[in-house]
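So you can see what is in the structure, the chains are spelled out below.
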Amino acid sequence: MTREEYEEKRRRLEADAADAKAAYNRARALYDGICDELRNLRIDWQEQQKTDRAAEK
């Protein structure tokens, strides 16, 4: 492998790594948002069920 080949491959890998990191960060943010929505949905459901049970008494 020549120095030029090494430098070209290193630049390509660094660019790929930067793209992958950006994609990972976007996916992580999306995942965190979905987890928040799931938690809020569960809390809302539990509160609704408590209210419904209290209304039945």
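Described below are features of the structure shown in this document. (Residues numbered from 1 in each chain as written. Predicted model: local features only at pLDDT ≥ 70, side-chain atom pairs only at ≥ 80, totals over all residues. Heavy atoms only, no water.)

## Points about the pattern of salt bridges
Under the criterion given, the structure shown has 6 salt bridges. Residue Arg 3 pairs with Glu 7 through a salt bridge whose shortest N-O separation is 3.9 Å. Residue Arg 3 and its partner Glu 7 are both found in helix H1 (residues 3–56); the two are separated by 4 residues, about one turn of the helix. Look at Arg 3 and you get exposed, because its relative accessible area is 60%. The closest approach of N and O atoms between Glu 14 and Arg 10, which form a salt bridge, is 2.9 Å. Taken as a pair, Glu 14 and Arg 10 lie in helix H1 at a separation of 4 residues, close to a single helical turn. Salt bridges linked by common partners bring Arg 3, Glu 7, Arg 10 and Glu 14 together as one network. (Salt bridge = Lys/Arg side-chain N within 4 Å of Asp/Glu carboxyl O. Helix = DSSP H or I, 4+ residues; strand = E, 2+ residues; numbered from the N terminus. Buried < 20%, exposed > 50% of the residue type's maximum accessible area, 1.4 Å probe, protein only.)

Don't take any of this as a statement about function, it's just geometry.
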